[in-house]
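Fold and geometry: a report
Residue strings, one per chain:
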Amino acid sequence: MASRTRLPPPTTLSTLTTLTTRRLPSSSYLPLQTANQFFSEHHHRPFSSTSTTSSPSKYYPPRVPPKPLYSTTPPAISYLPPPSNDPTQHAVPSPPPHEASLRDASSIFTQQPPHFLYSASKFLQVPPNSHTPEICLLGRSNVGKSTLINALAGVGGQAAARAHGLKARSSGLAITSKISGSTKSMNAYGFGVPTKAQRQMALERAAELKRERELAQKLTAGRRGSRAERRGVVHEPPPQFRLIVVDMPGYGLGSQKWWGLEIEKYLRRRVMLKGAVLLIDAVAGVKDADRQVMELLRDCGVRTAVVLTKADKLRKKEEGLEAEEVEMHAEARVEGVCLDVWDELRAVERVSLTWLEGAEKGWEKEIWVTSAGDVDVRGDGAGVVGARWAVCRMAGLVEDNRVLKPVVTPLTAPSKIVRFEDLQFGTAPATPKEEPSDSGTASDAEASS
Ligand SMILES: Nc1nc2c(ncn2[C@@H]2O[C@H](COP(=O)(O)OP(=O)(O)OP(=O)(O)O)[C@@H](O)[C@H]2O)c(=O)[nH]1
Ligand SMILES: [Mg+2]
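Notes on the structure in this doc start here. For clarity, every value in this text was computed on a predicted model and none was experimentally measured.

**With respect to the overall build of the protein chain**
For the protein chain, the count of helices and strands is 14 helices and nine strands. With 449 residues in all, the protein chain has 39% of them scored as buried.

Encoded structure:
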């Protein structure tokens, strides 16, 4: 009897859509090593329906693993400061956040395409928000704020660098440019799906506002009420996003003085502002303007995390060296910038009682290193996963379960511990006299006598 060849099942529209739109469960994310092995083992196997094996799975192409969480770069690069009284100042690489927690943070940014919410040049034009946590990005012009927004949304490298004009805007991307001062207003982007709790709070608030309105109408005997009476009744749509990130105009070259005034109003008055990310160019380091912004953040009591940008440029500058040496030099320079930043933050902290190292409304001691706009890096760019996590942590969306122990460098010459009673004040400690040896010269003998 002739063997019958089994034909592949027909592809219907519904199977096609399920194949293309089905999201893989988060547990199916593979670490890079496994993903590479998977590709080398399965991806190039010829796909043929005339194969002799009888497994039905052969009719479907091999399951293509989703893009790993991070492509060729480590997920999070961050440093912790030494204790302030440590004589040997070193930036200490911090332990990476838990992988599940990193994945949670990343999924908030990438579970749905980013949404451009509004552009406001004045604080009064900013729509009300009383439910969705907000984080703003601050930094000198051209430091890479808009590029970081795109990278947070999963659009890094060349795509982020090419994000120009209305096309970028309509797809929820921030517009980037080599020319300083390209972002001229406060641009807000919504990420993720709101939680049930957020929606519930919004419903309760809407009911409360309705009651207030009815009471105001009763008090004014059916009149609409004066402007003063109606003030405070805010018509706000229910939350659409889990998190809002606001891209601010940069300060410095190409900026306008009044932008700063509007940003200050935003920092002082925005109710849902949970923190600010201060971006510092890893090549240029800390500038006077950055110091002034740290002071402003302190005075407004805004929680602050520092992100270093353009770290890839440190690596590219020294092409004559061996790869390992280049890497070491780049790392040393990044550490140098981190130490400068901590110095500045500690100096700015000195005149404050609340804006303190590691405090709720203070500055985050951990500094995150990124190269979000590195066009040579496929995907997210180095360290962007860490930046996502830092943003989510400030917004209260992920928890930090790490134990961040301060690393104390042991003193090189440990000194003897002396009891207080044994301390001698005012007189120099008696030193035992040395007997001149026979072999000693005449001058030695004079000195000892
Ligand atoms: N090599 C490299 N280039 C970057 C990086 N981040 C940003 N850039 C480039 O820096 C330039 C400025 O980036 P933007 O994101 O527009 O900077 P911005 O801070 O938004 O600037 P303003 O809107 O003017 O305040 C662009 O040409 C980016 O491609 C990075 O990590 N590495
Ligand atoms: Mg910009």
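**What about the sheet that holds strand E4 (residues 134-139)?**
Hydrogen bonding along the main chain pairs the strands of a sheet, whether they run parallel or antiparallel. Within the open sheet, the nine strands sit side by side as E2-E1-E9-E8-E7-E4-E6-E5-E3. Their pairing is mixed. The sheet terminates laterally at strand E2 (92-93) and strand E3 (115-120), the two strands that pair on one side only. Examined bridge by bridge, strand E1 (residues 78-80) and strand E9 (residues 363-369) share two bridges and lie antiparallel to one another. Counted as the bridge partner of Tyr79 is Ile367 from E9. The strands that helix H4 (residues 145-152) touches are E4, strand E5 (186-191), strand E6 (243-247), strand E7 (273-281) and strand E8 (304-309); relative to E4, the one it contacts most, it runs at about 140°.

**Some points on the side chain of Glu262**
When you line up the elements, Glu262 lands in helix H9 (residues 257-269). By relative accessible area, Glu262 is classed as buried at 7%. A polar side-chain atom of Glu262 sits 3.2 Å from a polar atom in the side chain of Lys265. Among residues more than four places away in sequence, those in contact with Glu262 are Ser121, Lys122, Phe123 and Met186.

**Here's the deal with the packing of H9 against helix H10 (residues 288-300)**
Interhelical geometry of H9 versus H10 gives an angle of 35° and a closest axis separation of 9 Å. As H9 runs across H10, the sense of the crossing is right-handed. On H10, the residues touching Glu264, Leu267 and Arg268 of H9 are Leu296, Leu297, Asp299 and Cys300. By residue class, the composition of the contact of H9 with H10 is four nonpolar, no polar and three charged.

**Quick word on the coordination of the magnesium ion (ligand 2)**
At this site the magnesium ion (ligand 2) is bound by Ser146 (OG) and Thr183 (OG1), with donor distances of 2.0 to 2.1 Å. Placement of the pair is Ser146 in helix H4 and Thr183 in the loop between helix H6 (165-170) and E5, with a sequence separation of 37 residues.

**Focus: the packing of H4 against helix H13 (residues 384-394)**
Between H4 and H13, whose axes approach to 10 Å, the crossing angle comes to 90°. As the angle between them shows, H4 and H13 are arranged roughly perpendicular. Packed against H4, whose contacting residues are Leu148, Ala151 and Leu152, the element H13 presents Val384, Ala387 and Arg388 at the interface. Of the residues assigned to the contact of H4 with H13, the class counts are five nonpolar, no polar and one charged.

**Some details on the nonpolar core**
Nonpolar side chains tend toward joint burial in soluble globular proteins. Formed by 46 residues in total, the largest nonpolar core has its most connected members in Cys136, Leu138, Val246, Tyr266, Leu267, Leu308 and Trp342. Broken down by element, this core gets its largest block of residues, nine residues, from helix H12 (residues 323-349). Once residues within four sequence positions are removed from consideration, Leu308 is found in contact with Ile280, Ala282, Val334, Val337, Cys338, Ile367, Trp368, Val369 and Thr370.

**Quick notes on the site of ligand 1**
In the vicinity of ligand 1, 25 residues are found, and the nearest of them are Lys145, Ser146, Thr147, Gly181 and Thr183. In this structure, an oxygen atom belonging to ligand 1 sits 2.9 Å away from a main-chain N or O atom of Ser182. Gly250 is positioned with one of its backbone polar atoms (N or O) 3.4 Å from an oxygen atom of ligand 1. The protein chains hide 92% of the 650 Å² of surface that ligand 1 would expose on its own. Mapped onto the shell around ligand 1, the elements with two or more residues apiece are H4 and helix H11 (311-316).

Definitions and cut-offs
- Residues numbered from 1 in each chain as written.
- Chains lettered and ligands numbered in written order.
- Predicted model: local features only at pLDDT ≥ 70, side-chain atom pairs only at ≥ 80, totals over all residues.
- Heavy atoms only, no water.
- Helix = DSSP H or I, 4+ residues; strand = E, 2+ residues; numbered from the N terminus.
- Buried < 20%, exposed > 50% of the residue type's maximum accessible area, 1.4 Å probe, protein only.
- Pairing = 2+ DSSP bridges.
- Contact = heavy atoms within 4.5 Å.
- Axes fitted to C-alpha atoms, helices over the stretch in contact; angles between N-to-C directions.
- Polar contact = N/O pair within 3.5 Å; in protein donor to acceptor, adjacent residues only side chain to side chain.
- Left-handed = near helix turned anticlockwise from the far one by under 90°.
- Nonpolar A, V, L, I, M, F, W, Y, C, P; charged D, E, K, R; others polar.
- Donors = N, O, S within 2.8 Å, 3.2 Å for Na, K, Ca; no water.
- Parallel < 35°, antiparallel > 145°, perpendicular 65-115°, else oblique.
- Core = buried A, V, L, I, M, F, W, Y, C linked by side-chain atoms within 4.5 Å.
- Near = heavy atom within 4 Å.
- Areas by Shrake-Rupley, 256 points an atom, 1.4 Å probe, with all protein chains shown as cover.

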